[in-house]
Amino acid sequence: MLCPPSTRHPVAKQEEPMKIALLDTLTFGDTDLSGFDTLGEVKTYETTRPEQTLKRIKDTTVIVTNKVVITADMMSECKDLKLICIAATGMNNVDLDAAKEKNIAVKNVAGYSTDSVIQHTFSMLFYLMGSSRYYDEFVKDGSWADSCLFTHVAKPFFELKGKKWGIIGLGEIGKGVAKIATAFGAEVSYYSTSGTNDNADYKRETFSNILEQSDVISIHAPLNPSTKDLIAHSELLMMKDGAILLNLGRGGIVSEEALSYILDVKPIFVGLDVLEKEPITKDHALTKIKAQDRLYITPHIAWTSSEARTKLISSVIENIKSI
């Protein structure tokens, strides 16, 4: 008796799960990363040194990096790599030409930290404008307790209303700063570093006018050949005495060597959230100036509100789902 032909269908081969490497999770702080676990096999590393990178990414399908550099040579060794997710807006830590040549997708995340950076801009401003460091120390070191007065006005501070605020780089962050500064009653103008940005809501000024006329100058521009050392010795000397300079763009736009000299000879105030080399070195010239009360440095945290980091991770996960 002949047996009827088999009606069983061949079992489809299951796709192997994606192998995902998160290379610098310490930059995400306490942000919940469990969403990655639904996407494949995940390996996380708090930090990754250059000599460790290739070993950690060689067999991966997806790389998630904030600042870890991914080179062309590394990509050549990664035969299964399909996607590099940059957990940031800037993409200068990945060789984009090499990725395109090797058909490896590269996706960043834009706009996630706009509100956070805007808020930190004003946090830095008011810390400097209100002499907050001095008054906090005056209370905590017992000086107020020893005083015979209910108040203490040794360090004058001023209102933002009526002041001239010059913005260098009127992108989304710059426009957000301009809107809030205007609400405080400041007179806002801007300088376009590209020379092509025209915004009818605010007065466009020359670079020299921004420097010479502004009471507050905030930088929200990218670092490129036209903005490298945009503000150095001569530009700092052009600023008004008592003016406040805030850099929340990129390190390298303001010359740190020039700042370390000018701050001790000219009464300006400076707030920096970014430096050319991060983290700061222990022997950095800015740590040695006398005028520490007129310098406020934060460790590149403007982008890191809890809400911004949550939005960043959510967007990275969506980028992975899209492949």
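Thresholds, definitions, all that
- Position labels on residues start from 1 in each chain and follow its written sequence.
- A pLDDT threshold of at least 70 governs which residues receive local features in this predicted model, and a stricter bar of 80 or more applies before side-chain atom pairs are shown or counted, although totals over entire chains, interfaces and linings include all residues.
- Computation of side-chain values: all heavy atoms of the structure, hydrogens and water removed.
- Side-chain atoms within 4.5 Å are what join buried Ala, Val, Leu, Ile, Met, Phe, Trp, Tyr and Cys residues into a set we call a nonpolar core.
- Each residue is placed in one exposure class: buried if its accessible area under a 1.4 Å probe, protein chains only, is under 20% of its type's maximum, exposed if it is over 50%, and partly exposed if it falls in between.
- We count a stretch as a helix when DSSP gives it H or I for four or more residues in a row; a strand needs E for two or more, and each element gets its number in order from the N terminus.
- Two residues form a contact once any of their heavy atoms are found within 4.5 Å.
- Here a helix's expected span is defined as the number of its residues, less one, multiplied by 1.5 Å.
- Salt bridges are identified by distance alone: a Lys or Arg side-chain nitrogen within 4 Å of an Asp or Glu carboxyl oxygen.
- When DSSP finds two or more bridges between a pair of strands, those strands are recorded as paired.
- Here the term right-handed applies to a crossover when the path leading from its first strand over the helix to its second strand runs clockwise, the strands being oriented away from the viewer.
- Side-chain rings of Phe, Tyr and Trp, where Trp is taken by its six-membered ring, are said to pair if the distance between their centres is within 6.5 Å; with planes under 30 degrees apart they count as stacked, over 60 as edge-to-face, and otherwise as tilted.
- Only when the NZ atom of a Lys or the CZ atom of an Arg is both within 6 Å of the ring centre and within 35 degrees of the ring normal do we say a charge sits over the ring.
- For every residue, the pLDDT score states the predictor's confidence, bounded by 0 at the bottom and 100 at the top.

Caption draft 1: Region of interest: the nonpolar core. Membership of the largest hydrophobic core comes to 38 residues, with the highest contact counts inside it found for Phe-36, Val-64, Ile-70, Val-316 and Ile-320. Secondary structure elements with two or more residues in this core: strand S1 (18-22), strand S3 (62-65), helix H2 (72-76), strand S4 (83-86), helix H3 (96-101) and helix H10 (306-321). Sorting elements by how many residues they give to this core places H10 first, with 6 residues. Residues within four places of Val-64 in sequence aside, it is in contact with Ile-20, Ala-21, Leu-22, Leu-23, Asp-24, Phe-36, Cys-85, Ala-87, Val-316 and Ile-320. By size, the runner-up hydrophobic cluster in this structure holds 26 residues, among which are Ile-210, Leu-230, Val-254 and Ile-262.

Caption draft 2: Fine view of helix H4 (residues 114-129). For H4, built from 16 residues, the straight-helix expectation of 22 Å at 1.5 Å per residue is met to within 8% by its first-to-last C-alpha distance of 23 Å. Within H4 the residues assigned to the buried category are Thr-114, Ser-116, Val-117, Ile-118, His-120, Thr-121, Phe-122, Met-124, Leu-125, Leu-128 and Met-129. One or two steps after H4, the chain reaches Ser-131, where phi turns positive at roughly 50°.

Caption draft 3: Main features of unusual backbone geometry. Cis peptide bonds are those with omega within 30 degrees of zero, and the linkage from Glu-278 to Pro-279 qualifies with 0°. Within the secondary structure layout, Pro-279 lies in the loop between strand S11 (269-272) and strand S12 (295-297). Backbone geometry at Asp-229 places phi at a positive 55°, although glycine is not the residue there. Looking at the element boundaries, Asp-229 is found in the loop between strand S9 (216-219) and helix H8 (233-238). With a relative accessible area of 34%, Asp-229 lands in the partly exposed category. Of note, the phi angle at His-300 is positive, near 50°, even though the residue is not glycine. Along the polypeptide, His-300 turns up in the loop between S12 and H10.

Caption draft 4: Spatial organisation of the pattern of salt bridges. If you walk through the whole model with that rule in mind, you get 13 salt bridges. The shortest N-O distance in the salt bridge between Glu-137 and Arg-133 comes to 3.6 Å. Of this pair, Glu-137 and Arg-133 are both found in helix H5 (residues 132-140), 4 residues apart, which corresponds to roughly one turn of the helix. The partner of Glu-318 in a salt bridge is Lys-321, with the nearest N and O atoms 3.5 Å apart. With Glu-318 and Lys-321 both in helix H10 and 3 residues apart, this pair spans about one turn of that helix. Classification of Glu-318 by relative accessible area gives partly exposed; the value is 44%. Here the salt bridges share partners, and the residues they tie into one network are Lys-228, Asp-229 and Glu-276.

Caption draft 5: Highlighting the pairing of strand S7 (residues 187-191). Sheet topology places strand S6 (residues 164-168) next to S7; 5 bridges connect them, and they run parallel. Looking at the pairing, Gly-166 lines up with Ser-189 of S7. With respect to chirality, the unit in which S6 leads through helix H6 (residues 172-183) into the neighbouring parallel S7 is right-handed.

Caption draft 6: Quick peek at the packing of aromatic side chains. Scanning the entire structure with this criterion turns up 10 aromatic pairs. Between Tyr-127 and Tyr-296, the ring centres sit 4.0 Å apart and the planes meet at 25°, which makes this aromatic pair stacked. Here Tyr-296 lies in strand S12 and Tyr-127 lies in helix H4, a separation of 169 residues in the sequence. Look at Tyr-134 and Phe-138: their rings are 6.2 Å apart centre to centre, the planes differ by 25°, and that puts the pair in the stacked class. With Tyr-134 and Phe-138 both in helix H5 and 4 residues apart, the pair spans about one turn of that helix. A network of ring pairs unites the aromatic residues Phe-122, Phe-126, Trp-165 and Phe-184 as a single cluster. Across from the ring centre of Tyr-134, 5.6 Å away, lies the NZ or CZ of Lys-155, which sits over that ring.

Caption draft 7: Seen up close, the confidence of the model for the chain. Of all residues in the chain, 96% have pLDDT values of 70 or greater, and the mean over the chain is 95. Mean pLDDT values for the elements of the chain range from 97 in H5 up to 99 in S9.

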